[in-house]
Structures are given as C-alpha cells and as structure tokens.
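Chain by chain, the residues:
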Amino acid sequence: QNNSVVATDADGTLWIGDVGIDTFESMLRDQVIRDQAREALALEAREFGLSEQGSANEIANHLYAAFENGRYPEKRCYEMMAWAFAGFSFEEAKDYARGVLKGRKLHERLHAEMGPILDWVQKESIRLRVVSASPLPVVQAGVEFWNIAPSQVIAATPKLIGGEIAVGMATPIPYGPGKVGALQKENPNGHLIGAFGDNVFDIEMLQRSEVPIAVRPKNRLLERHSEVPNLVELALE
C-alpha cells in the first residue's frame, strides 16, 4: 500500500474554474508583472506575430488575448503564466495568489463531492498527488483550501535562482501526457490506484489509473470517453 498513489487534477476537478487563469488575469489587471519578465515576453510575442512594444504587462496582455483567440498555444501560455512571476520570490508569488483566490471566493467553488474521497485517501495513508498545469505557487495556494500540503502538488514549476522566480521552466510542464511523466518521475514504482480529472488533458493520467474517475466532466473529455475503459463519472445530482 505504501506505493499506492491517488492523483487528481486541480482546475475543474477540485474546484470550479482555473486558479492559474484567475491569478494571471489579476496580475494583468493589477499590473504587477515585473521587468524581469519583459524580454522573454517580447520574444514570445515576436514568435507568434504579436506586438512586442510596451511594458511587460502590456506584452503579457497581448499574449493572453492571443491565447483566448487561439493564436497562442495552451501549453506555451501555461508555461508563460508560471514564469511571468519572474522577479517574485516563491513565497511572494504564493501570497499574491492567496489574496486573489480569497477575493475570488475559491472556498465557495470547491467540489464538495471530492471531500469524502480526499478524507479517505488521508485516512488510509495513501499517497495523494495534485497534478496541474497551473503555476506551482498558485496551485499550492489553492490546495490550502482543502488542507492539502504543498509537498503533495506537482505543477508548472518555473526556474528559481537564489530564491527568486526566473524566466523558464525548472521541469517539463505536467500537461496532457506530461502528467503521467511527472508522476512516474517522482515515484517510479508507484501504483496509480485512482485518478480524477475533468478534461481532455487528463486522459493519459486516467488511462493509467486502476479506477479512472471523471469529475463533472467537460464535453471534450466525454467525447473521448471510449479511450478510457471503465471511466466512472462523479457528478452532483
């Protein structure tokens, strides 16, 4: 049982909405993106044919608008949202996220049906991992609402230099098949007895699980449910 693992996605699975997007939209609104990120943001903008003029916050706005319009790939955007904290300390980024998530009432958006499951996992001393493509400091702030420890989170991890977030990723982003890779890297002998997800990016993780569970699943996941044998749907009545 020591090698038993239960893995869950975060956004859309533990709660309604996306904490990475909540936080990034607040960063844009508050104009808190720092000059340390500007050069890398300009390079991203240039690569995707966007304006690289203006402040770090203005360029980040162009990139986010392109993401919403389908011109900036999801995976690249999620990585950018992680290193857009460049110049923040890790704890400073987490504190900022805490304020955003409190303001956006994450406590009211928790999926109540996950509560008994998380309690059972803890009671049985099964290893729990939250696997998310949102930024690590943001997901760690989010799971505090579930009393989940920071060490139980695998998420988009930006580089850290001298305790300060820097441009670039420290590890591959756990996105799509990368979720399985991240779990295997952390615990090569782990036995995935249960996995929870809500969207198409969770399919590979669900496929590897003994009991794959879709939590309030999105249509993109339901359209491909045949690729996940024995998929169980967990939804409120």
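Every value quoted in this text rests on a predicted model; they were computed, and no experiment measured them.

Caption draft 1: How the structure looks around the side chain of Ser209. Among the secondary structure elements, Ser209 is positioned in the loop between helix 9 (203-207) and strand 7 (211-215). From its side chain, Ser209 meets the backbone nitrogen of Ala195 in a polar contact 3.0 Å long. The residues touching Ser209, leaving out its near neighbours within four places in the chain, are Leu192, Ile193, Gly194 and Ala195.

Caption draft 2: Spotlight on the environment of Pro217. By the secondary structure assignment, Pro217 is in the loop between strand 7 and helix 10 (219-222). With relative accessibility at 13%, the residue Pro217 sits in the buried group. Sequence separation between Pro217 and Phe88 is 129 residues; the distance between their C-alpha atoms is 35 Å. If sequence neighbours within four positions are ignored, Pro217 has contacts with Asp198, Leu222 and Glu233.

Caption draft 3: Representation of the pairing of strand 3 (residues 153-156). The pairing of strand 2 (residues 127-135) with strand 3 spans 3 bridges and is parallel. Its bridge partner being in strand 3, Pro135 is matched across the sheet by Ala156. With respect to chirality, the unit in which strand 2 leads through helix 7 (residues 136-143) into the neighbouring parallel strand 3 is right-handed.

Caption draft 4: Main features of the packing of aromatic side chains. If you walk through the whole model with that rule in mind, you get 7 aromatic pairs. Taking 5.1 Å as the distance between ring centres and 70° as the angle between the ring planes, the aromatic pair formed by Phe48 and Tyr72 counts as edge-to-face. Of this pair, Phe48 sits in the loop between helix 2 (38-47) and helix 3 (56-68) while Tyr72 sits in the loop between helix 3 and helix 4 (74-83), placing them 24 residues apart in sequence. Of the residues examined, Tyr72 reaches a relative accessible area of 1% and is grouped as buried.

Caption draft 5: Looking closely at the pattern of salt bridges. Per the counting criterion, the structure on display carries 18 salt bridges. A salt bridge links Glu25 to Arg104, with the nearest nitrogen and oxygen atoms 3.5 Å apart. Pair noted here: Glu25 is in helix 1 (residues 19-30) and Arg104 is in the loop between helix 5 (90-103) and helix 6 (115-123), with a separation of 79 residues, a long-range link. Judged by relative accessible area, which is 27%, Glu25 ranks as partly exposed. The partner of Arg29 in a salt bridge is Asp30, with the nearest N and O atoms 3.7 Å apart. Accessibility expressed as a relative area gives 56% for Arg29, which makes it exposed. The exposure class assigned to Asp30 is partly exposed, which follows from its relative accessible area of 38%. Look at the salt bridges and you will find they share partners, linking Asp22, Glu25, Arg104 and Arg109 into a network.

Caption draft 6: Layout of the nonpolar core. Residues Leu14, Trp15, Phe24, Ile33, Leu41 and Met80 are the most contacted members of the largest nonpolar core, which totals 84 residues. Top element by residues in this core is helix 3. It accounts for 7 residues. The contacts of Leu14, once residues within four sequence positions are left out, are Thr8, Asp9, Leu110, His111, Met114, Leu118, Val130, Val143 and Trp146.

Caption draft 7: Structural context of the side chain of Glu79. Relative to the helices and strands, Glu79 resides in helix 4. Using a relative accessible area of 17% as the deciding quantity, one classes Glu79 as buried.

Conventions and cut-offs
- Residues numbered from 1 in each chain as written.
- Predicted model: local features only at pLDDT ≥ 70, side-chain atom pairs only at ≥ 80, totals over all residues.
- Heavy atoms only, no water.
- Helix = DSSP H or I, 4+ residues; strand = E, 2+ residues; numbered from the N terminus.
- Polar contact = N/O pair within 3.5 Å; in protein donor to acceptor, adjacent residues only side chain to side chain.
- Contact = heavy atoms within 4.5 Å.
- Buried < 20%, exposed > 50% of the residue type's maximum accessible area, 1.4 Å probe, protein only.
- Pairing = 2+ DSSP bridges.
- Right-handed = clockwise from strand over helix to strand, strands pointing away.
- Phe/Tyr/Trp six-rings, centres within 6.5 Å; stacked < 30°, edge-to-face > 60°.
- Salt bridge = Lys/Arg side-chain N within 4 Å of Asp/Glu carboxyl O.
- Core = buried A, V, L, I, M, F, W, Y, C linked by side-chain atoms within 4.5 Å.

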